[in-house]
Each structure stands twice: as structure tokens, then as C-alpha cells.
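Topology and contacts: notes
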Amino acid sequence: MSDSESTAENAAVLPEPAREIAAGYAVSGAALDLGALLWDGTCLPDAQIRIPLAMLNRHGLVAGATGTGKTKTLQLIAEQLSANGVPVFLADIKGDVSGIAAPGTPGDRVTERAGQVGQEWRAEGFPCEFYALGGIGPGIPLRATVTSFGPVLLSKVLELNQTQEQSLGLIFHYADSKGLELVDLKDLRAVVAFLVSDTGRAELKGIGGLSTATAGVILRSITAFEQQGAGDFFGEPEFDTAELLRQEPDGRGLVSVLELAAVQDEPRLFSTFLMWLLADLFHDLPEVGDLDRPKLVFFFDEAHLLFDGASKAFLESITRTVRLIRSKGVGIFFVTQTPRDVPAEVLAQLGNRVQHALRAFTPDDAKALRSTVKTFPNSPYDLEELLTRLGIGEAVITVLSENGAPTPVAATRLRAPRSLMGPWPAAELDAAVKGSSLYGSYAQAVDRESAYEKLSAGQESERRAAEAEAAAVATGKEAAEAAKAAKAAKAAKAAKAAKAAKAAKAAKAAEAADRAAVEEAVRGERGRGGRGGKAAEEDASLVEQVVGSGMFRSLARSVGTQLGREISRSLFGTARRRR
């Protein structure tokens, strides 16, 4: 007898409203068993609440106040998905989901819950792979390149406004067009700094430009982000999201657990990183239409952190991804406290609901409760009262039936997980991580040549070229100055030689003139005194002696003037006449 036939037979003894609800959960194909129907304060193990496996890619929401059992619900669904050959991805924010890898511990509470809901409980662990963002915490390092992360998601984690987000998109566009790989944050910082430098500022003028003020905000945000330790999340080797789609040799789906306890105080970062994983899957996976079971179910814990302060472009990206990724065989379950944490455009895409208890201690709580009730189909339950009375491990459920119609609202006591409900011992977790076949591929970060190195090399080349040009200019200047000095020295030497030649010529001319003047004076004396013979010879000899003497040559420098001529005449005339 099949489960659906057994349910139909047992439903005949149920109260009428409960029988109608149970009939809505009769499933002919593969399904996940969530628990037993609660009606009028009684748990009815004959009325099983199930969700068709084929409807898991219609997405879902698990909501409820803190401490109401949301994490155990994730564990319960993940276990059954794995057992049915469906890979699962879930985030372990508090560090208490890692126990899914180990068999659970029998106990009185487990036995009691199993009896209440008609569950045949047995301890069982499930195949797991553990990851950690950038290697922070226990797990295989999970990294992404800045380029693949993209400007919209990066703007979210950097807390940029719309204008700054658009400028960041411009920077990504420039880097892509110039072949500048943005692998890590230092690459992005180098490109931003280059684009506001004197050399790079002209590069963006043709497509809008980048203001210095905006670049400064982006650079400061990157620096603050790195100081929080986020630099480790970006780099290579980049994680291949196809690793999330694996099955074990025995046919069970692999449960990929992202350990986030070490970075739980950076919710904006890890929630956005989860969105990157989804976006990358969406990009890589082919269209497959409706399958009998999903290719992957992705649990998005603390989903409200993803939407807080999100830009319009970011919300549009999420909505589009959620709407279209269904046809690629991927189901998404958002986990948060109230449905109000999820934007209406996204909430409208979620076909399956598991709503744990809500508290109404304040007017805001009461308002949130009324808003939550309005999101459910009409029900025979007083949901506003019921949602405040649910115990731990109980929930109000509505899912999509096999024909795609919403099932009746069912208050449900949930089954107990078969795996360990708590953290796996650290030593065993570490051994599982290092023993993984993926550890060798992703453990060691790689820093290859990318934008930072290329821009640094270009700037170094420019610096050397500038230095060489400056040296050449200096050398040329020195050579020009030396040539100018040599030319000036040559000209001075030539001028000096010309001056000396002129002076020598003038001296020679003066000497000749003086000689002539003396000779004339002597001839005059001879004519007046009538001297001759020996006396004339003596006079001639005297003239030669005087002309050749040093004193005469000194005085001859004045011969060309009127005064010089008078002196000559006195020396050679009057003096001799006084004898």
C-alpha cells in the first residue's frame, strides 16, 4: 500500500475539517514528510503533511521568531532531499548545522516526538562538504573574483549609493574593455586610482567620467572592507559552483554547508556572497523546465540581511534570479523571521510556506502578525491566534500540490531530524575538510598577474621613460651650454687676438711716425746750424740711439698726439740749443 493510499484510508476516521486538510496533502509521487496534522490541539499521526519533491523548485519560505525551530526544519528538509538524491546548499550561521554529517543521538525527546507524528526514527548522517568564506573558519576556502562578483553585488557589500554604484559599473566596464582582470580588491583599488590620476583621467571622459569625490568614497569603502578581513573572500582559485550539484556514489545528494560562524558579525557580506553563488549558478546552468526532482535546493538563511538597504538594481537582480532560476532546476528557500522581511516581488515567487510561531509583545509585533496572516489562503484555523500558540518544532504549512495548486493551511507538528541536532565536534569537522577531494584545489590562494600588476608595470615603464627623457633633456642642455661656452671662448680669443694685432699695428705705425718726426727734426737742425761732416754723423748716430732706447719707445706711445709732437721737439731742439 502506498503512502497516499494509507493516508486516504486513515483519513476516513479524522474529523471533517482535518480530513479535508489531509486530503490536500495526498501525494502519488516522491515527497518529503514534514510531520503530522495538528487539529483542535491534537496531533493526528494518520494525517501526514507532505511536500511533493517536484514542487521544491517552486521556492519557499521558512519563517518564525528566534528559537521556534527554523534551523531544525532546515535540517529535516535537507536530510530528506539528500536521501532522495537532491544536492543541498545551506548556510551554517551559528555553527550548529554541521551535525547533519553525523548520526543523531537517540533520546526520550526524540522517541516521544517520533511517536507523536508517526515517524520511524533512526539515526543517520548524510554526505557533506564544508566550506568557509575565504578560508576564515573551518572549511574549504570559498573565493570569488571581483570581476565575477560584479558591480551590483559589490556595491551592496560596500554600502554605496545609486550614483556610486553606477560609477562602479563604469569602472568595471573600463577594466573589461582594457583587459584589466579584477581578481582581488587591490586590482579594483589600482584601477580606481589610475582613473582619477593625471594619466588615466582622460580614459573615462568619452563614457561619462569619474569624479574624484566618488572615487574617493569607493576607495575608502574598499579600504574599510579590507580592514574587516573581507579581502580574503576575493581572489583565486575561484569556486566552481558546479561543485554544489554533486551526488555521492550511493545516489544521495551532497549537502554543502557554508560555515559562517567566524564571520557572523558581517551579515551583509555573507548574505551577498550567497547571492553571488545563486547568480553564478543561474549564469551557468542550462534551461531544463519542470523536473521530477530539483537539481539543487538552496537555503538562504537570515534572508532579511540580504534585502536591508538594497538598491533598486540589486532588488531587481534578486527578483529576476528567483523568477527564472526555477526553470534551471534550482529551488530557493528563504529563511527569516517574518514574511515582511522579504520584498513583495520576491515573496510572490515563493510557492511553499513553513511558518513557525510569531510573538506579539509589542504593537509592531501585532502588526507583523496580522500582515503574516493575510499572506495565507483562507483557512478554518484562527491563524492570528494559532501563530502565537505554536510550540517549538510546530508550524503552519501550505505548499504547492502536485498539480501546482496551493494546499490547505495545515498546523503541523514536525518530525525530528535523523542527524545530530547540534555542532559536529571540531576535530572531526577539520578532518573531514582536509580529507576532502576538493581541499587541494582550493586551499591555497593564487595571486597571478592582473590589473594591479599590469598598471604597476605600466606606471613603472612611464616613470623610467620620464626619467630617461629628463636625463636626455638635461644632457642636451648641458651639451648646448658647453657648446655655447666654447663658442664664447673662441670668440673672446679671436677678439683678443684681433685687438692685439690692431694694437701692434698701431704701435708700429706710431713708431714709424716718430722715426719720421725725429728724422725731420734732425734735418731741420742740420739745416739751421750748417753742421756737416763728423758732426752730422754724430747727430745721425744720436738719432739712432735715441730712437732705439726704451725711454723713446715709451714716449713714442704719445707721438700721435699734439702734446707728443711738442715733447719731441723740446727734447731734440731746445735742449741741444742750450749747450
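On a predicted model such as this, the values are computed, not experimentally measured, just so you know.

Re the pattern of salt bridges
For the structure on display, the rule yields 19 salt bridges. Where Glu226 meets Arg189, a salt bridge forms, and the shortest distance between an N and an O atom there is 2.3 Å. One end of the pair, Glu226, is in helix 8 (residues 212–227); the other, Arg189, is in helix 7 (residues 185–195), with 37 residues separating them in the sequence. For Glu226, a relative accessible area of 27% gives the class partly exposed.

What about the pairing of strand 11 (residues 394–398)?
It is a general feature of regular strands that their side chains alternate between the two faces of the sheet. Counting buried residues along strand 11, 5 of its 5 residues qualify, which places the element largely inside the surrounding structure. By the alternation rule, side chains of strand 11 split into Glu394, Val396 and Thr398 and Ala395 and Ile397, which are all buried. For strand 11 and strand 12 (residues 410–414), the ladder comprises 4 bridges, and the chain directions are antiparallel. If you follow Ala395 over to strand 12, its bridge partner there is Thr412.

So, the environment of Lys454
For Lys454, the location among the structural elements is in helix 17 (residues 451–529). Its relative accessible area of 29% is what places Lys454 among the partly exposed residues. C-alpha separation for the pair Lys454 and Gly179, spaced 275 residues apart in sequence, amounts to 9.7 Å. Excluding residues within four positions of it along the chain, Lys454 makes contact with Gly179, Leu180, Glu181 and Glu449. Of note is the side chain of Lys454, whose polar atom sits 3.0 Å from the backbone oxygen of Gly179.

Quick word on helix 13 (residues 363–374)
Given a rise of 1.5 Å per residue, 12 residues ought to cover 16 Å, and the 17 Å separating the end C-alpha atoms of helix 13 matches this to within 8%. Ala368, Leu369 and Thr372 are the residues of helix 13 that are buried. Seen from one end, helix 13 has its buried residues packed into an arc of 105°, which puts them on one side. In helix 13, the exposed positions that point more than 90 degrees away from the buried face belong to Pro363 and Lys374. Looking at the buried side of helix 13, the elements it contacts are strand 10 (352–355) and helix 14 (383–389).

Let's talk about the packing of aromatic side chains
Using the criterion set out here, one finds 13 aromatic pairs in the structure. When the ring of Phe149 is compared with that of Phe273, the centres are 5.7 Å apart and the planes differ by 40°; the resulting orientation is tilted. In this pair, Phe149 is assigned in helix 5 (residues 146–158) and Phe273 in helix 9 (residues 267–284), connecting sequence segments 124 residues apart. Taken together, the ring pairs connect Phe89, Phe298, Phe300, Phe307 and Phe334 into an aromatic cluster. Lying across the ring of Phe282, Lys328 places its NZ or CZ 4.4 Å from the centre. Here the guanidinium or amino end of Arg353 rests over the ring plane of Phe376, the centre of that ring lying 4.3 Å away.

Concerning the side chain of Thr319
As for its position among the elements, Thr319 is in helix 11 (residues 312–325). Its relative accessible area of 13% is what places Thr319 among the buried residues. Setting aside residues up to four positions removed in sequence, Thr319 forms contacts with Glu345 and Val346.

Re the nonpolar core
Core analysis: the largest hydrophobic core is formed by 143 residues, its most contacted members being Leu81, Leu154, Leu188 and Phe334. Sort the elements by how many residues they give to this core and helix 9 lands first, with 9 residues. Non-local contacts of Phe334, meaning those with residues more than four positions away in its chain, are made with Gly60, Leu61, Val62, Phe300, Ala303, Leu306, Phe307, Val322, Val346 and Leu350.

So, unusual backbone geometry
Following Glu236, the chain continues into Pro237 via a peptide bond in cis, with omega recorded as 0°. Mapping Pro237 onto the fold places it in the loop between helix 8 and strand 7 (255–259). At Glu159, a residue that is not glycine, the phi angle is positive and equals roughly 60°. Structurally, Glu159 is set in the loop between helix 5 and helix 6 (162–177).

Thoughts on the packing of helix 6 against helix 8
Pairs of packed helices are described in terms of their axes, by the angle between the two and the distance that separates them. Where helix 6 meets helix 8, the closest approach of the two axes is 10 Å, and the angle between their N-to-C directions is 85°. Classed by the angle they form, the pair helix 6 and helix 8 counts as roughly perpendicular. The segment helix 6 lies against helix 8, with Gln164, Ser167, Leu168 and Ile171 engaging Thr214, Val217 and Ile218. Along the lines of polarity and charge, the residues of the contact of helix 6 with helix 8 split into 4 nonpolar, 3 polar and no charged.

Conventions we followed
Numbering of residues begins from 1 in every chain and follows the order in which that chain's sequence is written. Where local features are concerned, this predicted model is filtered to residues with pLDDT of at least 70; where side-chain atom pairs are given and counted, the filter is 80 or more; whole-chain, interface and lining totals use all residues. Derived side-chain values reflect all non-hydrogen atoms in the structure, with water molecules and hydrogen atoms excluded from consideration. What makes a salt bridge here is a side-chain nitrogen of Lys or Arg within 4 Å of a carboxyl oxygen of Asp or Glu, nothing more. Each helix is a run of DSSP H or I of at least 4 residues and each strand a run of E of at least 2, with the numbering of both proceeding from the N terminus. Burial status follows relative accessibility: with a 1.4 Å probe on protein chains alone, a residue under 20% of its type maximum counts as buried, one over 50% as exposed, and anything between as partly exposed. Two strands qualify as a pair provided DSSP detects at least 2 bridges between them. Any two residues whose heavy atoms approach within 4.5 Å at even a single point are treated as in contact. In protein, a polar contact requires one atom able to donate a hydrogen and another able to accept it; more generally it is a pair of N or O atoms within 3.5 Å, and residues adjacent in sequence count only if both atoms are side-chain atoms. In this analysis, the expected span of each helix is defined as 1.5 Å times one less than the number of residues it contains. The arc in question is traced by the directions running from the helix axis to the C-beta atoms. Any pair of Phe, Tyr and Trp rings, taking the six-membered ring for Trp, is counted once the centres come within 6.5 Å. Such a pair is stacked with planes under 30 degrees apart, edge-to-face with planes over 60 apart, and tilted for the rest. Two thresholds decide whether a charge sits over a ring: the Lys NZ or Arg CZ must be within 6 Å of the ring centre and within 35 degrees of the ring normal. Here, nonpolar core means buried Ala, Val, Leu, Ile, Met, Phe, Trp, Tyr and Cys residues that are tied together by side-chain atoms lying within 4.5 Å of each other. Each axis is a line fitted through C-alpha atoms, and for a helix only the stretch in contact is used; angles between axes span 0 to 180 degrees, taken between their N-to-C directions. Note that the term roughly parallel is reserved for angles under 35 degrees, roughly antiparallel for angles over 145, roughly perpendicular for angles of 65 to 115, and oblique for everything else. We call Asp, Glu, Lys and Arg charged. Ala, Val, Leu, Ile, Met, Phe, Trp, Tyr, Cys and Pro are nonpolar, and the rest, Gly among them, are polar.

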